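# A structural walkthrough
These are the residues of each chain, in order.
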Amino acid sequence: MPQPEVFRSSPLQVLPEWIDYNGHMNMAYYSVLFDLGADQAFAQLGLGPRYAEARKMTTYAADFRIRYLKELHVGAQVQVGFQLLAADSKRFHFCQWLWHEDGWLSATGEGLTLHVDMSGPKVVPFPEDIANNLRAMCTQHSALEVPAFVGGPLGIPS
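The rules behind each value
Residues numbered from 1 in each chain as written. Predicted model: local features only at pLDDT ≥ 70, side-chain atom pairs only at ≥ 80, totals over all residues. Heavy atoms only, no water. Helix = DSSP H or I, 4+ residues; strand = E, 2+ residues; numbered from the N terminus. Rg over C-alpha atoms; globule rule 2.2 N^0.38 Å. Buried < 20%, exposed > 50% of the residue type's maximum accessible area, 1.4 Å probe, protein only. Areas by Shrake-Rupley, 256 points an atom, 1.4 Å probe, with all protein chains shown as cover. Lys, Arg positive; Asp, Glu negative; His and termini not counted. Charge placed at Lys NZ, Arg CZ, Asp CG, Glu CD. 1 Å grid on protein atoms, 1.4 Å probe; cavity = no way out; pocket = protein on both sides within 12 Å on 5 of 7 lines; lining within 4 Å. Points joined across faces, edges and corners; volume = space filled by probe spheres on them. Nonpolar A, V, L, I, M, F, W, Y, C, P; charged D, E, K, R; others polar. Contact = heavy atoms within 4.5 Å. Expected span 1.5 Å × (residues − 1). Arc of directions from axis to C-beta.

### Considerations on the overall build of the chain
- The number of helices and strands found in the chain is three helices and seven strands.
- Reading the chain from its N terminus to its C terminus gives the helix and strand order β-β-α-α-β-β-β-β-β-α.
- At 16 Å, the chain has a C-alpha radius of gyration in line with the 15 Å of a compact globule built from 158 residues.
- For the chain, the C-alpha atoms occupy an extent of roughly 45 × 40 × 35 Å along the three principal directions.
- Put simply, the chain has 158 residues, and 41% of those count as buried.
- When the accessible surface of the chain is totalled, it reaches about 9,200 Å², and 55% of it is carbon and sulfur.
- Separation of charge centres in the chain, based on 11 positive and 16 negative side chains, amounts to 8 Å.

Here it is in structure tokens:
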């Protein structure tokens, strides 16, 4: 029986315009890479641009935290990992990793996403097919350990 794994995006590349005056990728573009990777995972759930166009519903980020671990430079190839941690009728909680092509970890992310009716906009329950997709991925990912960085505190230790 195969071991459960986190979703992994296709390879993504750090672009020259993402490099800041310090010579490494600006912090804003870590969010861009996490978002591009999430888009690929969301597509497996039936969410994304086609879903928004056809059903006039979408997802909004309610919260997202990034932990910067090791800087990226122009041309670096990365993959984004995605693990669905929990879901209810209107939202889901997930975590992500940003892995360099050489295998080291550049950053982690943790987010909470809302399901939104674009006509409001207002937060609404997922349609049954999407809820089923979320349950299926949650079941698959529940066999994985919850990473230690999930739910971690923010602040200066005393």
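Read on for the rest.
### A closer look at the layout of surface pockets
- The computed volume of the largest pocket comes to approximately 270 Å³.
- If you go around the largest pocket, you meet 18 residues; those closest to its centre are Asp35, Ala38, Phe42, Ala61 and Thr113.
- Elements that contribute at least two residues to the lining of the largest pocket include exactly α1 (27–45), α2 (49–55), β3 (57–68) and β5 (91–100).
- The dominant element in the lining of the largest pocket, judged by the number of residues it contributes, is α1, at six residues.
- Considering only residue class, the lining of the largest pocket consists of 10 nonpolar, six polar and two charged.

### Concerning the environment of Phe42
- Along the chain, the position of Phe42 falls in helix α1.
- With relative accessibility at 8%, the residue Phe42 sits in the buried group.
- It is 21 Å that separates the C-alpha atoms of Phe42 and Glu145, two residues lying 103 residues apart in sequence.
- The residues contacting Phe42, other than those within four sequence positions of it, are Leu47, Thr59, Phe82, Phe92 and Thr113.

### Describing helix α3 (residues 128–141)
- Along its 14 residues, α3 runs 20 Å from first to last C-alpha, staying within 8% of the 20 Å computed at 1.5 Å per residue.
- Regarding α3, the residues found buried are Ile130, Ala131, Leu134, Met137, Cys138 and His141. One side of α3 holds all its buried residues, which, seen down the axis, span an arc of 130 degrees. Exposed positions of α3 whose direction lies more than 90 degrees from the buried face are Glu128 and Thr139.

### Considering unusual backbone geometry
- Looking along the chain, the bond that leaves Gly120 and enters Pro121 is cis, with omega of -15 degrees.
- Topologically, Pro121 is positioned in the loop between β6 (105–117) and β7 (122–123).
- Phi angles above zero are rare outside glycine, and Lys56 is one such case at about 60 degrees.
- With respect to the helices and strands, the residue Lys56 is situated in the loop between α2 and β3.

So yeah, pure geometry; function would need other evidence.
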